[in-house]
Amino acid sequence: MGKTYWEVFKEKGISRREFLKFASYITGLMGLAPSMVPKVVHALETKERVPVIWIHGLECSGPSEAFIRSAAPYASDLLLNVISAEIDDILQASAGVYYEENGKIVYKGYLKHEEDALNKYRGKYIMVVEGSIPLGNDGKYCIVGGKPFKEEVLKVAEGAAAIVAVGSCATWGGIPKARPNPTQSVGVMDFLPNKVVINVSGCPPIPEVITGTILHLALFGPMPLDEMGRPKQFFGNRIHDTCYRRPFFNAGQFVEKPDDDAAKKGWCLYKIGCRGPTTYNSCGNMRWFGGISYPIQSGAPCIGCAEPDFWDKDPFFQRLQNIPLPNVETTADKVGAIAAGVTAGALAVHAVAAGIRHFNKKDDEH
Ligand code: SF4
């Protein structure tokens, strides 16, 4: 029988107090209410660590780059204490070990370990896929361990307890699938139409959303998903719904050019192409790098990277059409013209106060 999370923590000399703090933190990370902390503690005390087999197809490794920068729990903690990362062809030290034998290239180490892990944990492991699956030219555009990646996906999926696709390439096909899709790339859910695939989209996804999803699966099993297969606790709101610039949108105060005065004042980026009103993700509340910032906070309009085919939709930085303004029967242009002079002062004060509160809070946390 494998070790429980608590047993592993004890072995590593982690105190009960630290363990309880950790349980409390990951409860929030999984998008659960504070009242769930006792259940999380109980799960950590009684459940065996779940093995994770993480494979990579056609991609830029952005999700892994994001994951290893996960602020808390740090990726190293997560890998070594919380999940049992049996295979990850990018992070594991043994990847790429091979030698030539009788004129053939024979892969050793990685594939042997993978075979052992697939057999040992059959029906128990979480399969994580990063990258799209090229089907063109019989899959030869992405070769892993000497075989087309599509074969690797089929092999690992067969014995998986759950399948998670991370990043735009694994979820929707990503940039490799961009028109005209010369490699005929597809995402995991299109490749495995008869399996339930949990989609953690984003280019790359928010690191804490990746860890929160894997943790939830490991401790409590599947979570409610939206119609696109994304965990609702992370993809239940539009970025527009949690955006701190939303009061400016409501008041019709818009940036017209990336470097105008309105941009310097931090007004809404809708008119320079922000796709926050049509993009579902947690950027507005979780933010990136431990809550430091996200694209909109840095002055760049959202490009909708968590949505399917965002790369092939309307050109970036062009205003979305037909986005209604709340409780206002007019267009963004008219509201902007009327409201700009009237409400600028009040909202600027509000925004500054909110900003100070936010940064003070960050300072306190720091
Ligand atoms: S349009 Fe973009 S910048 Fe404006 S409130 Fe919505 S998400 Fe924020």
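Whatever comes next refers back to the structure up there.
What you are looking at is a predicted structure, and each value in this text was computed from that prediction instead of being measured. (Residues numbered from 1 in each chain as written. Predicted model: local features only at pLDDT ≥ 70, side-chain atom pairs only at ≥ 80, totals over all residues. Heavy atoms only, no water.)

### Quick notes on the packing of helix α2 (residues 16-29) against helix α10 (residues 207-220)
For the pair α2 and α10, interaxial distance at closest approach is 9 Å and the crossing angle is 110°. By the angle class used here, α2 and α10 are roughly perpendicular. Counted together, Tyr 25, Ile 26 and Leu 29 of α2 and Glu 208, Thr 211, Gly 212, Leu 215 and Leu 219 of α10 form the full contact between these two elements. Looking at the contact of α2 with α10, its residues break down into 5 nonpolar, 2 polar and 1 charged. (Axes fitted to C-alpha atoms, helices over the stretch in contact; angles between N-to-C directions. Helix = DSSP H or I, 4+ residues; strand = E, 2+ residues; numbered from the N terminus. Parallel < 35°, antiparallel > 145°, perpendicular 65-115°, else oblique. Contact = heavy atoms within 4.5 Å. Nonpolar A, V, L, I, M, F, W, Y, C, P; charged D, E, K, R; others polar.)

### Looking at the pattern of salt bridges
This structure, assessed with the given rule, holds 13 salt bridges. Here Arg 16 makes a salt bridge to Glu 45, at a shortest N to O gap of 2.6 Å. Of the two residues, Arg 16 sits in helix α2 while Glu 45 sits in helix α3 (residues 37-46), which places them 29 residues apart along the sequence. By relative accessible area, which is 35% here, Arg 16 ends up partly exposed. On the basis of relative accessible area, Glu 45 is assigned to the partly exposed category, the value being 26%. For Asp 241, the salt bridge is made with Arg 246, and the minimal N-O distance between the two is 3.8 Å. Overall, Asp 241 belongs to the partly exposed group, its relative accessible area being 37%. Within the structure, one salt-bridge network assembled from shared partners comprises Asp 226, Arg 230 and Glu 307. (Salt bridge = Lys/Arg side-chain N within 4 Å of Asp/Glu carboxyl O. Buried < 20%, exposed > 50% of the residue type's maximum accessible area, 1.4 Å probe, protein only.)

### Examining the site of the ligand
Lining the immediate environment of the ligand, one finds His 240, Cys 243, Arg 245, Arg 246, Phe 249, Cys 268, Leu 269, Tyr 270, Cys 274, Gly 276, Pro 277 and Ile 296. When grouped by side-chain class, the residues that make up the shell around the ligand number 8 nonpolar, 2 polar and 2 charged. (Near = heavy atom within 4 Å.)

### A word on unusual backbone geometry
The linkage connecting Arg 179 with the following residue, Pro 180, adopts the cis geometry, with an omega of 5°. Take Pro 180: it is sitting in the loop between α8 (167-172) and β10 (185-186). Positioned with a positive phi, Ser 61 is a non-glycine residue whose angle comes to about 70°. Of note in this structure, Arg 287 is not a glycine but carries a positive phi near 60°. Topologically, Arg 287 is positioned in the loop between α15 (283-286) and α16 (332-365).

### A short note on the pairing of strand β1 (residues 51-56)
With 6 of 6 residues buried, β1 is to be regarded as a mostly interior element. Of the two faces of β1, the one lined by Pro 51, Ile 53 and Ile 55 and the one lined by Val 52, Trp 54 and His 56 are each fully buried. Pairing of β1 with strand β5 (residues 126-130) involves 5 bridges; the strand directions are parallel. Within β5, the position partnered with Ile 53 by the bridge is Met 127. (Pairing = 2+ DSSP bridges.)

### Overview of the nonpolar core
By size, the foremost hydrophobic cluster in this structure holds 60 residues, and its most contacted members are Leu 44 and Ile 126. Here the element with the most residues in this core is α10; it accounts for 7 residues. For Leu 44, the residues in contact, after removing those within four places along its chain, are Thr 4, Tyr 5, Trp 6, Phe 19, Phe 22, Ala 23, Ile 26 and Leu 219. (Core = buried A, V, L, I, M, F, W, Y, C linked by side-chain atoms within 4.5 Å.)

### Side note on the sheet that holds β1
Pairing in this open sheet of 5 strands is parallel, and the strands run β2-β1-β5-β9-β11 from one edge to the other. Of all strands in the sheet, those with a lone pairing partner are β2 (84-88) and β11 (197-200), marking the two edges. For this sheet, the mean angle separating the axes of adjacent strands, direction not counted, is 25°. Summarising the sheet, β5 and strand β9 (residues 162-166) pair through 5 bridges and their orientation is parallel. Paired with Val 128 across the bridge in β9 is Val 164. Along the sheet, α10 makes contact with β1, β5, β9 and β11, crossing β11 at roughly 155°.

### What to know about the environment of Arg 230
Mapped onto the elements, Arg 230 comes out in the loop between α10 and α11 (232-235). Each C-alpha atom of the pair Arg 230 and Thr 171 lies 9.5 Å from the other, and the pair is 59 residues apart in sequence. With sequence-adjacent residues up to four places away left out, Arg 230 is seen in contact with Trp 172, Asn 199, Ser 201, Pro 224, Leu 225, Phe 235, Tyr 280, Ala 306 and Glu 307. Engagement of the side chain of Arg 230 in a polar contact is seen with the backbone oxygen of Ala 306, the distance being 3.1 Å. (Polar contact = N/O pair within 3.5 Å; in protein donor to acceptor, adjacent residues only side chain to side chain.)

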